[in-house]
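Architecture and fold: a report
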Amino acid sequence: MTTATLSMSPQPQASPPKRAPKRVLPGFHLTLGYTLFYLSLIVLIPLSALLFKTFTLTWVEFWSAVASPRVLASYRLTFGASFLAALFNVFFGLLLAWVLVRYEFPGKKIIDALVDLPFALPTAVAGISLTALLAGNGWIGQYLEPLGIQMAFHRNGIVIALIFISLPFVVRTVQPVLEDAEKELEEAATCLGASRFQTFRHVIFPSVAPALLTGFAMAFARAVGEYGSVIFIAGNMPMISEITPLIIIGKLEQYDYAGATAVATVMLGISFVLLLVINGLQSWQRRRAGGKS
């Protein structure tokens, strides 16, 4: 092939530079900046101030503030009662969600709306109402105390208050999963001779287990930080019925701001771990749902 032929052959043309795909809704950079500013103003700056105030303490002072016998007793009560309340709500929340999804009966919409009542009701009102019911002269307490069962101004009352305020988290987490469950699998298991317990154990429970774990974690996290409904029914006796949020309030009233922020930092760290657990469970639940679709 001659040089002239080579010069006449078509030369490869450079491909045009790729453009970033246009977004359907403009203003991404503006909205992102506003989101970060709002998040910093409402969340990050207050939490940073909490940490900076805690750093004014030495390690010995910090450990003395967060590990005193009174504070440790409040940890045990707060987390123990929260765990019992969340565990209780796992069972009865699943039962309530099952009834609301699978059955039709008069007053169903009213009961479904009442599940969200703890979301709308001020926690102080809930605490006063529960105390009026469970105290020794209350409608329920007057029959329990002669039997030696004390509910109000006792640890039992704390668990009941935490059950009340954390129940919706389990129900509203499990309810959509039950609504999306494939009833054909249950019918197929029944046709193959499975009993009701076997159908629940091998077909229904595996599909709702991730949602139950998520609901448990959310109910536990909500109960750990509860204050308003508990202080009215707990009795607030040091080393007996005193929760950790009340410890923080007491330190603030004594102008021990560094000690209050130290205890609050411990609660913040535990809440952050719970948040990671909840996000992990929700991610696991989405992956399971995506794998089954």
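All values reported here derive from a predicted model rather than from experimental measurement. (Residues numbered from 1 in each chain as written. Predicted model: local features only at pLDDT ≥ 70, side-chain atom pairs only at ≥ 80, totals over all residues. Heavy atoms only, no water.)

**Overview of helix α4 (residues 69-102)**
Its 34 residues give α4 an end-to-end C-alpha distance of 49 Å, which sits within 8% of 50 Å, the value for a rise of 1.5 Å per residue. Maximum bend of α4: about 30°, positioned at Val90. (Helix = DSSP H or I, 4+ residues; strand = E, 2+ residues; numbered from the N terminus. Expected span 1.5 Å × (residues − 1). Bend = angle between axes of the 7 residues up to and from the residue.)

**A short note on the layout of surface pockets**
Quantified by volume, the second largest pocket comes out at close to 230 Å³. Going through the elements one at a time, α4 and α11 (196-224) are the ones with two or more residues in the lining of the second largest pocket. For the lining of the second largest pocket, the element with the most residues is α4, which contributes 5 residues. Residues that form the lining of the second largest pocket fall into these classes: 7 nonpolar, no polar and no charged. (1 Å grid on protein atoms, 1.4 Å probe; cavity = no way out; pocket = protein on both sides within 12 Å on 5 of 7 lines; lining within 4 Å. Points joined across faces, edges and corners; volume = space filled by probe spheres on them. Nonpolar A, V, L, I, M, F, W, Y, C, P; charged D, E, K, R; others polar.)

**What to know about the packing of α4 against helix α5 (residues 108-115)**
The contact between α4 and α5 brings their axes to 10 Å, and the two run at 145°. In the crossing of α4 with α5, the sense of the turn from one axis to the other is left-handed. On α5, the residues that touch Leu96, Leu100 and Val101 of α4 are Lys108, Ile111, Asp112 and Val115. Each residue belonging to the contact of α4 with α5 can be placed in one class, and the counts come to 5 nonpolar, no polar and 2 charged. (Axes fitted to C-alpha atoms, helices over the stretch in contact; angles between N-to-C directions. Left-handed = near helix turned anticlockwise from the far one by under 90°. Contact = heavy atoms within 4.5 Å.)

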